[in-house]
Each structure stands twice: as structure tokens, then as C-alpha cells.
Amino acid sequence: ASPWRAALLANAAKLFKAAGYFTRASDYWRQAWEIGRDHADPAVRGQAEYALGEHLAVLVTFGQVERLEADVRLAAGRDVRGLAGRRVAEAREALA
């Protein structure tokens, strides 16, 4: 899939979250992560990591522990930095 699709999904998710459609936003961020996580371009991977972080933040906010446990593993072994890294760390702390 195109890295443009990942960017569009991540941005649409941001709009859905602002409008109160948290589940849809979370699903879009998860899709953006799936598309961009192993891309050769570091900018695309960064966008994917941002999407994963936001997805995890929604799961933490709404206490979706089972999905959170599964999805926090997606960041295992990755050097996720910045806001995305903070979101991943918060998700791990929420599970502790």
C-alpha cells in the first residue's frame, strides 16, 4: 500500500478523534501503522509510529486492556521516539 494512504489514514483519524469518533480513529491509526511500519523511508516509519502511539493512547483512555496488551507488543524492539515514544511508554505503564 502507498505511504500516502498511511498519511491520509493518520490525518483522517485525527479528525475522527476531534469529532468524538474514537473507535474509528483508533482503527484508522492502526491501519496507518500496518501500512507504514516497515517502510524503507524513515519519515513514513515515523508517521506509522505516530499512528501507533495515538492508537495506543485511545486504548489506554478507554481501558481496552485486551487490545492494549496485544497492540503494545507491536512496538517491541523498535526505537520509538518523541510523542509516539511517550505514548508507547504510557501504554506500557498502564498495563503494569
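First, a word on scope: everything that follows refers to the structure included in this document. Fair warning: this is a prediction, and the values are worked out from it, not measured in the lab.

Calculation notes
- Residue indices begin from 1 for each chain and proceed along its sequence in written order.
- Reporting of local features is limited, given that this is a predicted model, to residues whose pLDDT is at least 70; pairs of side-chain atoms are given and counted only at 80 or more, and all residues count toward the totals for whole chains, interfaces and linings.
- Only hydrogens and water are set aside; all other atoms, that is, all heavy atoms of the structure, feed into the side-chain values.
- Salt bridges, as used here, are contacts in which a Lys or Arg side-chain nitrogen is within 4 Å of a carboxyl oxygen on Asp or Glu.
- Under the DSSP-based scheme used, a helix requires at least four consecutive residues in state H or I and a strand at least two consecutive residues in state E, with every element numbered from the N terminus.
- Only protein chains enter the accessibility calculation, which uses a 1.4 Å probe; a residue whose area is less than 20% of its type maximum is buried, one above 50% is exposed, and one in between is partly exposed.
- Only the stretch in contact is used when fitting a helix axis, every axis being a line fitted to C-alpha atoms; angles between N-to-C directions are given from 0 to 180 degrees.
- The cut-offs work like this: below 35 degrees is roughly parallel, past 145 is roughly antiparallel, 65 to 115 is roughly perpendicular, and the gaps in between are oblique.
- In this scheme, a crossing is called left-handed if the near helix is turned counterclockwise away from the far one by less than a right angle; it is called right-handed if the turn is clockwise.
- Working rule for contacts: check all heavy atoms of both residues, and any pair within 4.5 Å makes them a contact.
- All amino acids are sorted into three groups, where Ala, Val, Leu, Ile, Met, Phe, Trp, Tyr, Cys and Pro are nonpolar, Asp, Glu, Lys and Arg are charged, and the leftover types, Gly among them, are polar.
- Stacked, edge-to-face and tilted are the three classes for Phe, Tyr and Trp ring pairs, Trp counted by its six-membered ring, which pair at centre distances within 6.5 Å; planes under 30 degrees apart are stacked, over 60 edge-to-face, the rest tilted.

**With respect to the pattern of salt bridges**
Here comes step 1: Counting across every chain of the model gives eleven salt bridges.
Here comes step 2: The partner of Glu49 in a salt bridge is Arg78, and the shortest N-O contact between them spans 3.8 Å. In this pair, Glu49 sits in helix H3 (residues 42-61) while Arg78 sits in the loop between helix H4 (65-72) and helix H5 (82-95), placing the two residues 29 residues apart along the sequence.
Here comes step 3: A salt bridge links Glu54 to Arg87; the nearest nitrogen and oxygen atoms lie 3.0 Å apart. Of this pair, Glu54 sits in helix H3 while Arg87 sits in helix H5, and the two are 33 residues apart along the sequence.
Here comes step 4: Here Glu54 falls in the buried class, since its relative accessible area comes to 5%.
Here comes step 5: One salt-bridge network, held together by shared partners, links Arg30, Glu34, Arg37, Asp38, Glu49, Asp71 and Arg78.

**Quick notes on the packing of helix H1 (residues 3-18) against helix H2 (residues 22-36)**
Here comes step 1: In contact at an axis separation of 8 Å, H1 and H2 are set at 165° when each is read in the N-to-C sense. Between H1 and H2, the angle is such that the two are roughly antiparallel. The two elements H1 and H2 cross, and the hand of that crossing is left-handed. Residues Arg5, Ala6, Leu9, Ala10, Ala12, Ala13, Lys14, Phe16 and Lys17 of H1 pack against Phe22, Arg24, Ala25, Tyr28, Trp29, Gln31, Ala32, Ile35 and Gly36 of H2.
Here comes step 2: Looking at the contact of H1 with H2 residue by residue, the class counts come to twelve nonpolar, two polar and four charged.

**Details of the side chain of Glu49**
Here comes step 1: Taking the relative accessible area as the measure of exposure, Glu49 reaches 14% and is therefore buried.
Here comes step 2: Those residues within four positions of Glu49 in sequence are excluded, and the remaining contacts are Trp33, Arg78, Asp79, Val80 and Ala84.

**Things to note about the packing of aromatic side chains**
Here comes step 1: Within the structure shown, the criterion is met by three aromatic pairs.
Here comes step 2: Consider the rings of Phe16 and Tyr28, whose centres lie 5.1 Å apart with planes at 85°: the pair is edge-to-face. Of this pair, Phe16 sits in helix H1 while Tyr28 sits in helix H2; the two residues are twelve residues apart in sequence, bridging distant segments of the chain.
Here comes step 3: Assessed through its relative accessible area of 21%, Phe16 is described here as partly exposed.
Here comes step 4: For Tyr28, a relative accessible area of 26% corresponds to the partly exposed category.

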